[in-house]
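# A look at the structure
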Amino acid sequence: MLEVKNIEARHGLLQAVRGVSFSVRKGEVLGVIGANGAGKTTLFRAITGVHPDMTGSVTLNGQDISTLRPARRVAAGLAMVPEGRRLFPDMSVRENLQVAGEHGRRGDWTLATVLDALPALKPILKSLAGNLSGGQRQAVAIGRALMTNPNVVIMDEVSLGLSPIAIEGLYESLGQLKASGKTGIVVVEQDLRRATAFSDRIICLLEGAITLEGASGELSHDDITSAYFGLKAESHEGSAAHA
Amino acid sequence: MSVSRFQYERWTPAGLRTVWTAAVVLAALAAAPIVLPATAVEKLTTLWIYVLLAVVWNLLAGFAGLVSVGQQAFFGLSAYLTLRLVEWGLNPWLALVGAAFIAGAIAIPISFYALKLKGGEFAIATWVIAEVVRICVMFDPLVQGDTGNSLIALNAYAPDLRREVTYWLGLAAMAGFLVLTFRVLRSKIGSAAQAVRDDEEAALSVGVSVMQTKRIIFVLAAFGTALAGSIWLASAITFLPRTNFGVQWTVFMLFMVLVGGLRTFEGPILGALIFFVLQETFSSYGVWYLFGLGFIAILFALALPDGLWGLIRRKRGGDLLPMGTLLKQQASGQDA
Amino acid sequence: MLDAIIQGVLLGGYYAILAAGLSLMLGVTRFLNLAHGDLAVLAAYLVIYLVATWHLPIVWAIVLMLPVMGLLGWALQAFLFARTMKGGFLLPLLTTFGLGAVIQNGIYGVFSSDVKSLGNFIGNLAWASWKLPFHISVGKLPVYIFVAAVVVLVSLQLLLSFTKLGRAMRATTIDEEAAELSGIDARRIQRATVAIAMVLAVLAGAALAMRSLVNPYTGPTQLIFAFEAVVIGGIGSLWGTLAGGIVLGIAQSLGAKISPQLFQLFGHIVFLAVLWWRLKGAGSLGLANFLRSLKGGRA
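Residues numbered from 1 in each chain as written. Chains lettered and ligands numbered in written order. Predicted model: local features only at pLDDT ≥ 70, side-chain atom pairs only at ≥ 80, totals over all residues.

## Looking at the overall build of chain A
Secondary structure assignment for chain A yields nine helices and ten strands. Over its C-alpha trace chain A gives a radius of gyration of 18 Å, about what one expects of a compact globule, namely 18 Å for 243 residues. Looking at chain A as a whole, 42% of its 243 residues are labelled buried. The contacts of chain A with a sequence gap of at least 6 include a subset with a gap of at least 24, amounting to 66%. (Helix = DSSP H or I, 4+ residues; strand = E, 2+ residues; numbered from the N terminus. Rg over C-alpha atoms; globule rule 2.2 N^0.38 Å. Buried ≥ 20, exposed ≤ 12 C-beta atoms within 10 Å, placed from the backbone. Contact = placed C-beta atoms within 7 Å.)

## So, the overall build of chain B
Counting secondary structure elements, chain B contains 14 helices and four strands. Overall size of chain B, expressed as C-alpha extent along the three principal axes, is 80 × 50 × 40 Å. Considering chain B as a whole, with its 336 residues, one finds that 43% of them fall into the buried category. Intrachain contacts of chain B at a sequence separation of at least 6 include 80% that bridge at least 24 residues.

## Considering helix 3 (residues 93-103) of chain A
Quick reminder: α-helices carry 3.6 residues per turn. Residues three or four places apart thus point the same way. Within helix 3 of chain A, eight of the eleven residues are buried, leaving the element largely enclosed by the surrounding structure. Residues V93, E95, N96, L97, V99, A100, G101 and H103 of chain A constitute the buried set of helix 3 of chain A. Looking at the buried positions of helix 3 of chain A, the neighbouring elements they touch are helix 4 (111-117) and helix 5 (134-146) of chain A together with helix 6 (164-174) of chain C.

## Considering the nonpolar core
If you look at the biggest cluster of nonpolar residues, it comprises 266 residues, and the most contacted ones within it are L52 of chain B together with I17, A43, A44 and V47 of chain C. A per-element tally of this core places helix 8 (residues 186-211) of chain C first, with 18 residues. Each residue touching V47 of chain C, except ones within four places of it in the same chain, is listed here: A61, I62, M65, L118, G205, A206 and A209 of chain C. (Core = buried A, V, L, I, M, F, W, Y, C linked by C-beta atoms within 7 Å.)

## Structural notes on the interface of chain C and chain B
Across the boundary between the two partners, chain C contributes 34 residues, which contact 33 residues of chain B. When contributions to the side of chain C that touches chain B are tallied by element, the ones reaching two or more residues are helix 3 (58-84), helix 4 (90-111), helix 9 (219-233) and helix 11 (262-279) of chain C. Per-class residue counts for the side of chain C that touches chain B are 22 nonpolar, eleven polar and one charged. (Nonpolar A, V, L, I, M, F, W, Y, C, P; charged D, E, K, R; others polar.)

## Points about the arrangement of the chains
Here two pairs of chains make contact, and the pair sharing the most contacts is chains B and C. The closest approach of any C-alpha atom in chain A to one in chain B is 14 Å; the two make no contact.

## Concerning the sheet that holds strand 5 (residues 63-64) of chain A
Residue and element names in this part refer to chain A. Strand order in this open sheet of four strands is 2-1-4-5, and the pairing throughout is antiparallel. The two strands at the open ends of the sheet, each matched to only one other strand, are strand 2 (14-24) and strand 5. Two elements, strand 1 (residues 2-11) and strand 4 (residues 54-60), share six bridges in a ladder whose sense is antiparallel. What sits directly across from L2, in strand 4, is L60. Contacts from helix 1 (residues 40-48) reach strand 1, strand 2 and strand 4, with the element oriented near 115° to strand 1. (Pairing = 2+ DSSP bridges. Axes fitted to C-alpha atoms, helices over the stretch in contact; angles between N-to-C directions.)

## With respect to the interface of chain A and chain C
Contact with chain A, which involves 22 residues of that partner, is made by 16 residues of chain C. Only helix 2 (70-76) and helix 3 of chain A provide two or more residues apiece to the side of chain A that touches chain C. Per element, the largest residue contribution to the side of chain A that touches chain C is six residues, and it comes from helix 3 of chain A. Class assignment for the residues of the side of chain A that touches chain C results in eleven nonpolar, five polar and six charged.

## Structural notes on the confidence of the model for chain A
Looking at chain A as a whole, its pLDDT mean stands at 87, while 95% of the residues score no less than 70. Considering only residues more than four positions removed or in separate chains, one finds that residues 235-243 of chain A, a stretch of pLDDT under 50, has six contacts. (pLDDT = per-residue confidence, 0-100.)

## A word on the pairing of strand 6 (residues 78-81) of chain A
All names here are of chain A. The two faces of strand 6 match: L78 and M80 on one face and A79 and V81 on the other face are all buried. Pairing of strand 6 with strand 7 (residues 152-156) involves four bridges; the strand directions are parallel. Paired with M80 across the strands is I154, a residue of strand 7.

## Here we look at the packing of helix 3 (residues 72-87) of chain B against helix 5 (residues 119-137) of chain B
Residues and elements named next belong to chain B. Two elements in contact, helix 3 and helix 5, have axes separated by 8 Å at closest approach and are oriented at 20°. With respect to helix 5, the axis of helix 3 lies roughly parallel. Regarding helix 3 and helix 5, the two cross each other, and that crossing is left-handed. In this structure, helix 3 uses Q72, A73, G76, L77 and Y80 to contact helix 5, whose residues at the interface are I129, A130, V133, R134 and V137. Here the contact of helix 3 with helix 5 is built from residues that sort into seven nonpolar, two polar and one charged. (Parallel < 35°, antiparallel > 145°, perpendicular 65-115°, else oblique. Left-handed = near helix turned anticlockwise from the far one by under 90°.)

## Things to note about unusual backbone geometry
Phi at E157 of chain A is positive, roughly 55°, even though this residue is not glycine. Considering the arrangement of structural elements, one finds E157 of chain A in the loop between strand 7 and helix 6 (164-180).

## Overview of the pairing of strand 3 (residues 29-33) of chain A
All names here are of chain A. Of all five residues in strand 3, five are buried; the element is thus mostly enclosed. Of the two faces of strand 3, the one carrying V29, G31 and I33 and the one carrying L30 and V32 are both buried. In this sheet, strand 8 (residues 184-189) lies alongside strand 3 in parallel orientation, the contact comprising five bridges. Bridged to I33 within strand 8 is E189. In the sheet, strand 3 pairs with strand 9 (residues 201-206) via four bridges, with the strands oriented parallel. Counterpart to V32 in the pairing with strand 9 is I203.

## Details of the sheet that holds strand 7 of chain A
Residue and element names in this part refer to chain A. If you trace the six strands from one edge of the open sheet to the other, you get 6-7-8-3-9-10, paired in mixed fashion. At either end of the open sheet lies a strand with only one pairing partner, and these are strand 6 and strand 10 (209-215). Direction aside, the axes of adjacent strands within the sheet are offset by 15° on average. Helix 1 contacts strand 3, strand 6, strand 7, strand 8 and strand 9 of the sheet and is inclined by roughly 150° relative to strand 7.

## A look at helix 8 (residues 221-229) of chain A
Residue and element names in this part refer to chain A. Residues of helix 8 that are buried include every one of D223, I224 and A227, and no others. All buried residues of helix 8 project into a common sector of 95° when viewed along the axis, lining one side. One or two steps after helix 8, the chain reaches G230, where phi turns positive at roughly 80°. (Arc of directions from axis to C-beta.)

## Here's the deal with the environment of G8 of chain C
Residues and elements named next belong to chain C. With respect to the helices and strands, the residue G8 is situated in helix 1 (residues 2-29). It is 19 Å that separates the C-alpha atoms of G8 and L203, two residues lying 195 residues apart in sequence. Setting aside residues up to four positions removed in sequence, G8 forms contacts with I246, G249, I250, Q252, S253 and L254.

## A few points about the environment of I124 of chain A
Residues and elements named next belong to chain A. In this fold, I124 is placed in the loop between helix 4 and helix 5. Taking the number of C-beta atoms within 10 Å as the measure of exposure, I124 has 18 and is therefore partly exposed. Remark: the alpha-carbon pair of I124 and G77, spanning 47 residues in sequence, is separated by 27 Å. In contact with I124, other than residues within four places in its own chain, are V93, L132 and Q136.

## Examining the packing of helix 7 (residues 188-198) of chain B against helix 9 (residues 210-236) of chain B
Two numbers describe a pair of packed helices, the interaxial angle and the distance between the axes. Residues and elements named next belong to chain B. Two elements in contact, helix 7 and helix 9, have axes whose closest approach is 9 Å; the angle formed by their N-to-C orientations is 110°. When the axes of helix 7 and helix 9 are compared, the pair comes out roughly perpendicular. The way helix 7 lies across helix 9 gives a crossing that is left-handed. Residues I189, A192, A193 and V196 of helix 7 lie in contact with helix 9, whose contacting residues are V210, T213, K214, I216 and I217. Among the residues forming the contact of helix 7 with helix 9, the class breakdown is seven nonpolar, one polar and one charged.

## Some words on the environment of K214 of chain B
All names here are of chain B. Looking at where K214 falls in the secondary structure, it is placed in helix 9. A tally of 23 C-beta atoms within 10 Å means that K214 is categorised as buried. When the C-alpha atoms of K214 and A193 are compared, they prove to be 6.9 Å apart, with 21 residues separating the residues in sequence.

## Overview of the confidence of the model for chain B
Residue and element names in this part refer to chain B. In this model, chain B carries a mean pLDDT of 86, and residues with pLDDT of at least 70 account for 91%. Taken element by element, chain B is modelled with least confidence in strand 4 (residues 326-331), mean pLDDT 58, and with most confidence in helix 3, mean pLDDT 95. Confidence over residues 331-336 falls short of pLDDT 50; this stretch has nine contacts with residues more than four positions distant or in other chains. Scoring the predicted complex yields pTM 0.88 and, for the interface, ipTM 0.90.

Structure follows, in structure tokens:
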């Protein structure tokens, strides 16, 4: 569904993303892990069109969206819950959702269905987004992305800054989204345990390149940590024997 | 194993050639009034004023990032102060130069206010300050409201002498500021200013005294603009508040610097030359000339944002005068 | 002195219309249009032309100019302003000054330097007034313009608060990138905003031409006043442009009462003082923010 080939992106003079390729199928959850500064956010900013300095191709459902403006990519079915949420603080929760609904695609996700999926939003519809707690804001951000009826939604560091209880609630809602099987989800996560538990497949980024790729059930803890930190695995035979 | 040494080079061969050429040209220009006809001398004086204004505005806005739309405050203030000093009995030539110094000094208290502002607010605030200065100046009965006044005291001198001294004053001011700007840009202040322009917080964090740097550049620019204003008065004799304090001076400076090439040393000089040629050739067309000038400005903003020197620079692969420092790597003689 | 204050308040109405357009553009496109005053003057000249030469009734002339200038605004944003945004702060400056020069001298070239006014075409409205107690007389025209300003601001408020376009404009003002990620085509919204700003410029220009005289070079002065009103009232606030305009108008009128030259000077001093006050520790508080904090919500 979403196919990304050979993305290279620069951050000023620094090569932040080097030759990254991956794909996400309908209903699949792809986990993206990597330390801070590994290039995760730059990669997804490039894929959504917000980062201008990029080469490579991005294809969604067969349509080449590599050169489209971000709003056009949303219209094609690619949504992102950006790092830091980036809500409109002077607008109410309802307006934050409305704006995305008015300018995104038509589909099953409407204000009513989004509120069903994220019931925490129901009592705070009239509140200004700037006055909410971290967990509430994250829910609004996810709701806003859903309102555009995406085929693929990218969640960039959604558990960042949230309390453990809020994270639990969050992943419960995401679990329902995953269960519906209609959307491809990319989860960019710092929490390795969560990422492997929630995702079908994992890719690990280090210094802008993919160091590990595989089904989350088949990757061992050692595989992951060595890919994460860039350590050379001592013996693959050894770790395979442990799996 | 070879050990690399680095050598600091602040001059390039092209740079040295340029400086020698410039010195020769300057000497020739200084001797010029002896051979040239009166109108040529007057016109060249105007050119010196344009170059001075362009170089100074580039220093302020291009290198230090202080985009002032109110430099005309000092341009007109210097002219007014000249008239005032002459009224109090001072010799007109001394008054012209003294007024510039006083105007530059007035920039110091102004800077304590203005430099706290940034971006659009700084730009408009400087424009408003210029208007405030103009209105205050117009309260002086010497200025006679919109009618203005003239530097009649200069008529005491023979026209040729007056013309030549004005010319030399202009040439000296321009050359002086070219040298001064060059030295400043290559000094600690220059790199500090550029650091502040690019990222003020980062500059602060490496110990750059931001306010000090900005103030020095602001006052220098005010002084330069004031000198230009004095020389303009000496050349034109008449002082009209709305003309000498008009925002069109800023527009001309903006035009020269952007058409020539922002943030380069050579750019404003080129821009001033172009502006001078345009003025001389087309200003007789009056309003339609100014219309065309605005049109050209828009074209440059769209098509050539780096200015003409930016274009030349790209073709040449570098500037005539080096603004930075080159590191030359030399391997030591040890390895085989 | 009371009538100076009243005059000042009413003058604020005109400033609000001019300033609102400038403020909207500044927020949504982050572009400071220094030619805004010149565009209002251009609109005034065109209205006068339609009225004087083609004998159109004033209202018709104004209504006709609204879509014309709106379209011009759309084109300016699409082909000119948007292209200069990548050049940092200086390119937009050069562009708008250049545009201003083109407009000012174009008007002069076509219409000559005669001062013009709509005052001749509105009958006694130009000088009619109501007599109030304490020997105060209040001009009818300024009151009508003030009422028009309030109507305009209310309409803009309704647009921003309750329409799809308005929400998109607010979102783009707050965070252009996040707006794009929500599916909003920021470029389209910005073009629409400049079109709206030009519509406001027509109304402001007509008001100016009715109240007083216009000449081809009036633009920059009006632009300064508009910017002063925006800053005094608080950048980013719609009703702040009215509050700022009123404060500016009062300062100017009080100055004029003492001496004609003090009209502009008092306004400038209040502007510079408000800027200073904000820096000194009131943070980024403008009048509107202050009023807003009193109400406990967003205007």
